[in-house]
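Next come the chains, spelled out residue by residue.
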Amino acid sequence: MKSIKRKYRILVLSDLGKSASTTLRSTVGLAKMINGDITVFHVKKPSEIVNRENQLSAMRTINDKHTEVDREIKDLTKPLSDELGMKIKYSFAFGNVKNELSAFFEKSRPDIIVLGKRKSKPFKLLGDSITEFVLNHFDGVVMIASDKDCLVENKEITLSTLNSSEPTFNLAFADELMKHSLKPLKSFKIVKNSRLEKNLSKTTDTETIEYIFEQNDSAIKKISNYLSKNSINVLSIDRTQKEKNRADDLTETDISSVIGKIDVTFLVSGKQKYNAVKHK
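Residues numbered from 1 in each chain as written. Predicted model: local features only at pLDDT ≥ 70, side-chain atom pairs only at ≥ 80, totals over all residues. Heavy atoms only, no water.

Undergrad: Before we move on, could you go through the overall build of the protein chain and cite the residues and values that matter?
TA: Within the protein chain one finds seven helices and ten strands. The buried share among the 280 residues of the protein chain stands at 48%. Counted over contacts in the protein chain with a minimum sequence separation of 6, partners at least 24 positions apart contribute 79%. Entry remark: accessible area of the protein chain is about 15300 Å², with carbon and sulfur atoms responsible for 48%. (Helix = DSSP H or I, 4+ residues; strand = E, 2+ residues; numbered from the N terminus. Buried < 20%, exposed > 50% of the residue type's maximum accessible area, 1.4 Å probe, protein only. Contact = heavy atoms within 4.5 Å. Areas by Shrake-Rupley, 256 points an atom, 1.4 Å probe, with all protein chains shown as cover.)

Undergrad: How would you explain the environment of Thr 23 if you had to name every residue and give the values?
TA: For Thr 23, the position within the fold is in helix α1 (residues 20-34). Owing to a relative accessible area of 6%, Thr 23 belongs among the buried residues under this scheme. With 125 residues separating them in the primary sequence, Thr 23 and Lys 148 have C-alpha atoms 9.7 Å apart. Beyond its immediate chain neighbours, meaning those up to four positions away, Thr 23 contacts Val 12, Val 114, Leu 115, Gly 116 and Ala 145.

Undergrad: Before we move on, could you go through the sheet that holds strand β5 (residues 141-145) and cite the residues and values that matter?
TA: Across the sheet, ten strands lie side by side as β3-β2-β1-β4-β5-β10-β9-β6-β7-β8; this open sheet has mixed pairing. Each edge of the open sheet carries a strand with a single partner, namely β3 (88-94) and β8 (208-214). Taking each pair of neighbouring strands and ignoring which way they run, the sheet shows an average axis angle of 20°. In the sheet, strand β6 (residues 159-162) pairs with strand β9 (residues 234-237) via four bridges, with the strands oriented parallel. Across the sheet, Leu 159 pairs through a bridge with Val 234, a residue of β9. Here α1 sits on the sheet in contact with β1 (8-13), β2 (36-44), β3, β4 (112-116) and β5, set at roughly 175° to β1. Strands β6, β7 (185-191), β8 and β9 of the sheet are contacted by helix α6 (residues 219-229), whose axis makes an angle of about 170° with β7. (Pairing = 2+ DSSP bridges. Axes fitted to C-alpha atoms, helices over the stretch in contact; angles between N-to-C directions.)

Undergrad: I'd like a rundown of the packing of helix α3 (residues 97-108) against helix α4 (residues 129-137), residues and numbers included.
TA: It is the contact of α3 with α4, at a shortest axis distance of 11 Å, that shows an interaxial angle of 35°. Crossing of α3 over α4 shows right-handed handedness. Of the residues in α4, those touching α3 at Val 97, Lys 98, Leu 101, Ser 102 and Phe 105 are Ile 130, Phe 133 and Val 134. Considered class by class, the residues forming the contact of α3 with α4 number six nonpolar, one polar and one charged. (Left-handed = near helix turned anticlockwise from the far one by under 90°. Nonpolar A, V, L, I, M, F, W, Y, C, P; charged D, E, K, R; others polar.)

Undergrad: Requested: an account of the pattern of salt bridges, with residues and values cited.
TA: Counted under the stated rule, the structure contains twelve salt bridges. Between Asp 111 and Arg 9 there is a salt bridge whose closest N-O contact spans 4.0 Å. On the criterion of sequence distance, the pair formed by Asp 111 in the loop between α3 and β4 and Arg 9 in strand β1 is long-range, its members being 102 residues apart. For Arg 9, a relative accessible area of 39% puts it in the partly exposed group. (Salt bridge = Lys/Arg side-chain N within 4 Å of Asp/Glu carboxyl O.)

Undergrad: Run through α3, naming residues and quoting values.
TA: Helical periodicity: at 3.6 residues per turn, an α-helix aligns residues three or four positions apart in one direction. Over its twelve residues, α3 extends 16 Å from the first C-alpha to the last, a length consistent with the 16 Å expected when each residue adds 1.5 Å. Those residues of α3 that fall on the buried side of the exposure criterion are Leu 101, Phe 104 and Phe 105. Buried residues in α3, looked at end-on, bunch into an arc of 105°, giving them a common side. Among the exposed residues of α3, those pointing more than 90 degrees away from its buried face are Asn 99, Glu 106 and Lys 107. If you follow the buried residues of α3, they end up packed against β1, β2, β3, β4 and α4. Its side-chain oxygen placed 3.2 Å from the backbone nitrogen of Lys 98, Asn 96 serves as the N-cap of α3. (Expected span 1.5 Å × (residues − 1). Arc of directions from axis to C-beta. Polar contact = N/O pair within 3.5 Å; in protein donor to acceptor, adjacent residues only side chain to side chain.)

Undergrad: Talk me through unusual backbone geometry; I want residue IDs and the actual numbers.
TA: In the segment running from Lys 183 into Pro 184, the intervening peptide bond is cis, with an omega of 0°. Here Pro 184 is to be found in the loop between α5 (174-178) and β7. In this structure, Asn 35 takes a positive phi of about 70° despite not being glycine. Here Asn 35 shows up in the loop between α1 and β2.

By themselves, these are just geometric observations and shouldn't be taken as functional.
Written out as structure tokens, the structure is:
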């Protein structure tokens, strides 16, 4: 009997802004690579709907806004659904953004959450508090999509990993993703002491090249320059819990810094270790 391929639940959190279409297009590309099911979710804050009005007027405004938001999301999802041949579900809510997100996470139980990448602001590691909220409160995989280079089903991606605890990377759908990736895979590690470099593996398998950088103020910039020069468009970051005092550990602050400073699509692993097999 033929086994049924797992379907990954992908949740796109969208502000319906300028980059929403690009983010959703990349999500469709990912979904087709790994066999995913897509739902778009949008939250509208009450302050964006009702100002100082009487109750009857407020109810009328809410009803009008409900119709407006529904039409706006349809205008986003239907053209891409028709063009790319992918069913895209959607939902939206009015209320406190973080409360509504938490409730929807619990209800939909996604495997992957997708966000659009925001431009980093001065003195801020992440340009968007919602990104921080998701990374802190969601234990699964998070994709932060670049607005420059969409993931496309029939176009191979150029994949790299950062802080990976295994020769491959700690994603449940790694095998599916590798089928659409150019070889060899580039693996980057930032170590706290370059003298420990000799104790870290330089080669993993015939399809992976590993690069090791000493942790300092220029490490992220060096990696960013390398990614740009070699047209690498997807960077996978491992945030699983590791043994204490490992040379290749990155803190949550380190991960936030990387996301804020490098303009590629990120795949951030879940917090729990995934026991993947080696790619063949």
